[in-house]
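Fold and contact review
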Amino acid sequence: VHRSDYLQSYLLNHHGGGYTGLKPHPNPWAAAFSELERDPDAWILGYRIPTVREATAIDGPIGRDVHRHYTSLIGTGGMIARAYSQLTFEWTREAHRRLDYYGELLARTPGDAFGGNTGYPLPWTTLGSQILEPLCLKYLPHVRQNPAVKPQLWGHR
């Protein structure tokens with residue numbers, strides 16, 4: 001999961017385009033790509049986080065802000081982004097910082113597919129939503145929502 005989250009930040013930053021995990025998508029994305037292309041102020045487009053319970057858990061004021069404004073944020077399961085935006089750049093930079101910080105621990109205790117094995121040092125959302133959601137708050141004028149990119153959020157494990 002963390003490899004996928006890192007690749008998501010890296011590919012969207014360096015190449016842009018659409019990104020999704022291995023979840024079914026009931027809607028085509030062509031109109032969403034066109035929407036982002038027509039809006040020069042848009043850096044990233046995704047689906048609205050469905051419930052406050054699905055917003056990431058972060059301690060402190062940032063976590064409270066994420067939960068207070070979750071309806072303005074986007075989920076990580078499907079999105080389209082412009083390459084080299086400040087948001088994707090900061091997402092990738094922070095993912096690198098966290099991987100550097102945890103590198104020695106990760107070398108000692110590599111994770112299984114879901115990071116659920118004993119001793120694995122990274123919580124589930126460390127490289128994905130814990131970085132992306134606060135950045136969406138920071139750059140909210142450049143974030144767009146479109147329900148067409150929302151994947152089926154159940155039955156994919």
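Above this text sits the structure in question.
Attention here is on the structure that accompanies the text. (Residues numbered from 1 in each chain as written. Predicted model: local features only at pLDDT ≥ 70, side-chain atom pairs only at ≥ 80, totals over all residues. Heavy atoms only, no water.)

1. Re the overall build of the protein chain
Within the protein chain, the secondary structure is distributed over 5 helices and 4 strands. When its helices and strands are written in sequence order, the protein chain yields α-β-α-β-α-β-α-α-β. Taken against the 2.2 N^0.38 rule, which gives 15 Å for 157 residues, the C-alpha radius of gyration of the protein chain at 15 Å falls within 12% of a compact globule. Once local pairs closer than 6 in sequence are excluded, the contacts in the protein chain between residues at least 24 apart make up 80%. Taking the average place of the 16 positive charges on the side chains of the protein chain and the average place of its 14 negative ones, the gap between the two points comes to 3 Å. (Helix = DSSP H or I, 4+ residues; strand = E, 2+ residues; numbered from the N terminus. Rg over C-alpha atoms; globule rule 2.2 N^0.38 Å. Contact = heavy atoms within 4.5 Å. Lys, Arg positive; Asp, Glu negative; His and termini not counted. Charge placed at Lys NZ, Arg CZ, Asp CG, Glu CD.)

2. Some points on the nonpolar core
If you look at soluble globular proteins, the nonpolar side chains tend to sit buried side by side. Membership of the largest hydrophobic core comes to 23 residues, with the highest contact counts inside it found for I44, I74, M79, L87, W91, L132 and C136. Counting only elements with at least two residues in this core, the list comes to α1 (2-14), β3 (74-81), α4 (86-108) and α5 (129-138). When residues no more than four places from it in sequence are discounted, the contact partners of C136 are L73, I74, L87 and V143. Residues L36, A42, L45 and I80 belong to the second largest nonpolar core, which totals 8 residues. (Core = buried A, V, L, I, M, F, W, Y, C linked by side-chain atoms within 4.5 Å. Buried < 20%, exposed > 50% of the residue type's maximum accessible area, 1.4 Å probe, protein only.)

3. Notes on the pairing of strand β2 (residues 44-48)
In terms of residue burial, β2 counts as a mostly covered element, since 4 of its 5 residues are buried. The pairing of β2 with β3 spans 4 bridges and is antiparallel. From the neighbouring strand, I44 faces β3, where its bridge partner is A81. Pairing geometry for β2 and strand β4 (residues 143-145), over 3 bridges, is parallel. Each residue of the ladder has a partner; that of I44, found in β4, is V143. (Pairing = 2+ DSSP bridges.)

4. Things to note about the sheet that holds strand β1 (residues 17-20)
The strand order across the open sheet built from 4 strands is β1-β3-β2-β4, with neighbouring strands paired in mixed fashion. A strand with exactly one partner marks an edge of an open sheet, and here the two such strands are β1 and β4. The average undirected angle you get between the axes of adjacent strands in this sheet is 30°. (Axes fitted to C-alpha atoms, helices over the stretch in contact; angles between N-to-C directions.)

5. Comments concerning α4
Between its first and last C-alpha, α4 extends 33 Å over 23 residues, near the 33 Å set by a 1.5 Å rise per residue. Along α4, the helix axis deviates most sharply at Y102, where the bend reaches about 60°. Contacts made by the buried residues of α4 are with α1, β2, β3, α5 and β4. (Expected span 1.5 Å × (residues − 1). Bend = angle between axes of the 7 residues up to and from the residue.)

6. Description of the pattern of salt bridges
Under the definition given, this model contains 6 salt bridges. Residues E94 and R98 are paired through a salt bridge, measuring 2.8 Å at the closest nitrogen-oxygen approach. You can see E94 and its partner R98 sitting in helix α4, 4 residues apart, about one turn around the helix. Among the ionic contacts, a cluster of salt bridges with common partners joins E94, R97 and R98. (Salt bridge = Lys/Arg side-chain N within 4 Å of Asp/Glu carboxyl O.)

7. A closer look at the side chain of Q8
Mapping Q8 onto the fold places it in helix α1. At 3.0 Å, the side chain of Q8 forms a polar contact with the backbone oxygen of T76. With near-sequence residues (within four places) excluded, Q8 lies in contact with Y19, T76, M79 and W91. (Polar contact = N/O pair within 3.5 Å; in protein donor to acceptor, adjacent residues only side chain to side chain.)

8. Notes on unusual backbone geometry
Even without being glycine, Y84 reaches a positive phi, approximately 60°. With respect to the helices and strands, the residue Y84 is situated in the loop between β3 and α4. You can call Y84 exposed: its relative accessible area is 58%.

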